[in-house]
Amino acid sequence: GYLKCQACMQRLFSRNIWGSSPSRLCRLGSVEMVSAPPRVDLLSIDVEGQDALVLEGASDLLHAKAVAVLEFEFIGRGYWRSDKAGDQRLLKSVLSRLERYGYNCYWQGESGRLAPASGKYWCDAFQFRMRSNLVCSHLPDVLRTFDALA
């Protein structure tokens with residue numbers, strides 16, 4: 001089953017979502033699914049450096065492979081920054097966790113091409129601080145398509 005947008009929004013917000021502010025927040029992993037098994041076709045995250053925190057909040061969904069395709073941004077801001085000391089999130093650790101959950105991740109190029117980023121393709125030079133997006137999946141058909149674009 002799919003998250004039904006209206007039902008989901010009613011759980012997250014007590015009034016019109018285009019109003020001034022939400023009444024409460026919840027972890028992405030705690031959002032009730034309308035029917036089982038939960039399935040999210042695309043989870044696209046772009047929260048200017050807080051992406052690793054959203055991924056941590058979605059860990060239950062990701063571990064259950066409820067997300068077919070995941071996209072997130074890696075940028076030299078927020079929790080990706082090296083000056084965050086003990087709070088910094090490392091891309092290598094995030095990709096390793098996603099790999100343990102069964103996801104393979106790829107860099108998204110501007111020309112529509114992909115380049116493998118996780119697993120045996122990891123290189124410490126990937127920990128750079130420029131803006132780039134990654135796309136991940138655990139589904140064999142999707143991964144074959146990603147490989148064809150690499």
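All of these numbers come straight from a predicted model, not from anything done at the bench.

Draft legend 1. Representation of the state of the cysteines. Scanning the entire structure with this criterion turns up one disulfide. One disulfide bridge connects Cys105 with Cys136, the sulfur atoms lying 2.2 Å from each other. With the S-S bond torsion at 110°, the cross-link from Cys105 to Cys136 turns out right-handed. Of this pair, Cys105 sits in strand S3 (residues 104-108) while Cys136 sits in strand S5 (residues 132-137); the two residues are 31 residues apart in sequence, bridging distant segments of the chain. The exposure class assigned to Cys105 is buried, which follows from its relative accessible area of 2%.

Draft legend 2. Local environment of the pairing of S5. Judged by how many residues are buried, S5 sits mostly within the fold: five of six residues are covered. With six bridges connecting them, strand S2 (residues 67-74) and S5 associate as antiparallel partners. Counterpart to Phe72 in the pairing with S5 is Leu134. Of the pairings in the sheet, the one linking S3 to S5 comprises five bridges and is antiparallel in character. Bridged to Asn104 within S5 is Ser137.

Draft legend 3. Layout of the pattern of salt bridges. Throughout the structure, instances matching the rule amount to five salt bridges. Here Arg39 ties to Asp41 by a salt bridge, and the two come within 2.8 Å at their closest N and O atoms. Exposure remark for Arg39: the relative accessible area of 41% places this residue in the partly exposed category. Asp41 sits in the partly exposed class, given a relative accessible area of 34%. Residues Arg89 and Glu56 are paired through a salt bridge, measuring 2.5 Å at the closest nitrogen-oxygen approach. Here Glu56 lies in helix H2 (residues 51-57) and Arg89 lies in the loop between S2 and helix H4 (91-100), a separation of 33 residues in the sequence.

Draft legend 4. Looking closely at the pairing of S2. Most of S2 sits inside the fold, with eight of its eight residues counted as buried. As paired strands, strand S1 (residues 40-45) and S2 are joined by five bridges and run parallel to one another. Across the sheet, the residue bridging to Val40 is Val67, located in S2.

Draft legend 5. Main features of the sheet that holds S3. The mixed open sheet is built from five strands, whose spatial order is S1-S2-S5-S3-S4. At either end of the open sheet lies a strand with only one pairing partner, and these are S1 and strand S4 (114-116). Sheet twist, expressed as the average angle between the axes of neighbouring strands with direction ignored, equals 25°. On the sheet, H4 packs against S2, S3 and S5 and is oriented at approximately 180° with respect to S2.

Draft legend 6. A look at the nonpolar core. The biggest cluster of nonpolar side chains holds 28 residues, and the ones touching the most others in it are Leu62, Leu70, Phe72, Leu91, Leu95, Leu98 and Leu134. Looking at this core, the elements that each hand over two or more residues are S1, H2, helix H3 (59-63), S2, H4, S3 and S5. When sequence neighbours within four positions are dropped, the list of residues in contact with Leu70 reads Leu43, Ile45, Leu55, Leu62, Leu98, Leu134, Val135 and Cys136. Counting eight residues, the second largest nonpolar core, distinct from the first, contains Ala68, Val135, Leu143 and Phe146.

Calculation notes
- Residues numbered from 1 in each chain as written.
- Predicted model: local features only at pLDDT ≥ 70, side-chain atom pairs only at ≥ 80, totals over all residues.
- Heavy atoms only, no water.
- Disulfide = S-S within 2.5 Å.
- Helix = DSSP H or I, 4+ residues; strand = E, 2+ residues; numbered from the N terminus.
- Buried < 20%, exposed > 50% of the residue type's maximum accessible area, 1.4 Å probe, protein only.
- Pairing = 2+ DSSP bridges.
- Salt bridge = Lys/Arg side-chain N within 4 Å of Asp/Glu carboxyl O.
- Axes fitted to C-alpha atoms, helices over the stretch in contact; angles between N-to-C directions.
- Contact = heavy atoms within 4.5 Å.
- Core = buried A, V, L, I, M, F, W, Y, C linked by side-chain atoms within 4.5 Å.

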